[in-house]
Amino acid sequence: MTLLTVWPDTDPATVLTRTEDPAEITAVLSGIGVRLTRWTVVDLPAKPTSDEVLAAYRAEVDAVIAAEGYIHVDAVSITPEDTPQWREQAAAARQKFLSEHTHDDDEDRYFARGSGIFYLHVDGKVHAVLCEAGDLLSVPAKTTHWFDMGTTPDYVSIRFFHDDDGWVASFLEESVAHRFPTFDEITAAR
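Residues numbered from 1 in each chain as written. Predicted model: local features only at pLDDT ≥ 70, side-chain atom pairs only at ≥ 80, totals over all residues. Heavy atoms only, no water.

Trainee: Any details on the pairing of strand β9 (residues 145-148)? Residues and values, ideally.
Mentor: Residues of β9 alternate between two faces, with H145 and F147 on one and W146 and D148 on the opposite face, all of them buried. As paired elements, strand β6 (residues 107-122) and β9 share four bridges and run antiparallel to each other. When the bridges of β9 are listed, F118 appears paired with F147. (Buried < 20%, exposed > 50% of the residue type's maximum accessible area, 1.4 Å probe, protein only. Helix = DSSP H or I, 4+ residues; strand = E, 2+ residues; numbered from the N terminus. Pairing = 2+ DSSP bridges.)

So, in structure tokens, the structure goes:
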């Protein structure tokens, strides 16, 4: 079940909202221009390729492409392995997204498996959206945010882009991200 936590951007100790109610989450997010929808989760191989994921969700992906005009779609998969190389790669991948940034493009992500948290810094508040399998989060272009996949990332997601450049971020010089609870802290407290 998706979890939404909202704090004032100046005080991560004060929780303004914490809910798993789908209607409340949808209402709060739509108030800041963010869409959260659900797809039926499909069984995937243990370590699926991008093509396998896209084939499994072909009808849903085609519907999003038709509605939003995306021209590039791919799937990423991160599955834990008990090796030093994997731990190093996972830490580097996580670090890449932990600072506040924006995109010139919308950021639409579907979680086919696992979870991650999108933190949306909008209108003086930080909205942490714990996305889990079945969640499609649509973040409008220019929305300040960051993403935490945790210290042991384990997810499969589908990414949608309006151009072939893919994921391109503009990082903020100053970020509040380090002051707010991490993926690991939020999921441990659930």
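Trainee: Go over the pattern of salt bridges with me, naming the residues and quoting the values.
Mentor: With the rule as written, the count across this model stands at twelve salt bridges. Here D62 makes a salt bridge to R58, at a shortest N to O gap of 3.1 Å. One end of the pair, D62, and the other, R58, are both in helix α3 (residues 58-68), four residues apart, so they sit about a helical turn from each other. Accessibility expressed as a relative area gives 38% for D62, which makes it partly exposed. Taking the relative accessible area as the measure of exposure, R58 reaches 38% and is therefore partly exposed. A salt bridge links R87 to D82, with the shortest nitrogen-to-oxygen separation between them at 2.9 Å. Among the charged side chains, a salt-bridge network with shared partners connects E20, E132 and R190. (Salt bridge = Lys/Arg side-chain N within 4 Å of Asp/Glu carboxyl O.)

Trainee: Go over the side chain of E107 with me, naming the residues and quoting the values.
Mentor: When you line up the elements, E107 lands in strand β6. Here the side chain of E107 touches H145 through a polar contact of 2.7 Å, side chain to side chain. (Polar contact = N/O pair within 3.5 Å; in protein donor to acceptor, adjacent residues only side chain to side chain.)

Trainee: Lay out the nonpolar core in plain terms, naming residues and giving numbers.
Mentor: Residues L29, F118, L120, V129, L137 and F147 are the most contacted members of the largest nonpolar core, which totals 22 residues. Elements with a contribution of two residues or more to this core: β1 (3-8), α1 (22-30), α4 (84-97), β6, β7 (125-132) and β8 (135-139). By residue number, the principal contributor to this core is β6, which donates four residues. When near neighbours in sequence (up to four residues on either side) are disregarded, L120 contacts L29, I32, V34, K125, V126, H127, V129, V139, T144 and H145. Formed by 16 residues, the second largest nonpolar core is a distinct cluster that contains L54, V64, Y70 and F160. (Core = buried A, V, L, I, M, F, W, Y, C linked by side-chain atoms within 4.5 Å. Contact = heavy atoms within 4.5 Å.)

Trainee: Before we move on, can you summarise α4 with the specific residues and values?
Mentor: Residue pairs spaced three or four apart in an α-helix point in one direction, given the helix's 3.6 residues per turn. Counted at 1.5 Å a residue, the expected span for α4 with its 14 residues is 20 Å, and the 21 Å between its end C-alpha atoms agrees. Residues W86, A90, R94 and F97 constitute the buried set of α4. In an axial view of α4, the angular spread of the buried residues amounts to 65°, which keeps them on one side of the axis. Within α4, the exposed residues directed more than 90 degrees away from the buried face are P84, Q85, E88, Q89, A92 and Q95. Structurally, α4 contributes buried residues whose contacts are with β4 (72-78), β5 (101-102) and β9. (Expected span 1.5 Å × (residues − 1). Arc of directions from axis to C-beta.)

Trainee: How would you summarise the layout of surface pockets if you had to cite specific residues and measurements?
Mentor: Put simply, the largest pocket is a space of about 240 Å³. Lining of the largest pocket is provided by 17 residues; of these, F97, R109, F147, Y155 and R159 occupy positions nearest its centre. Every element with two or more residues in the lining of the largest pocket is listed here: β4, α4, β6, β9 and β10 (155-161). If you tally residues by element for the lining of the largest pocket, the top one is β6, at four residues. (1 Å grid on protein atoms, 1.4 Å probe; cavity = no way out; pocket = protein on both sides within 12 Å on 5 of 7 lines; lining within 4 Å. Points joined across faces, edges and corners; volume = space filled by probe spheres on them.)

Such coordinate-based values are descriptive only and should not be taken to indicate function.
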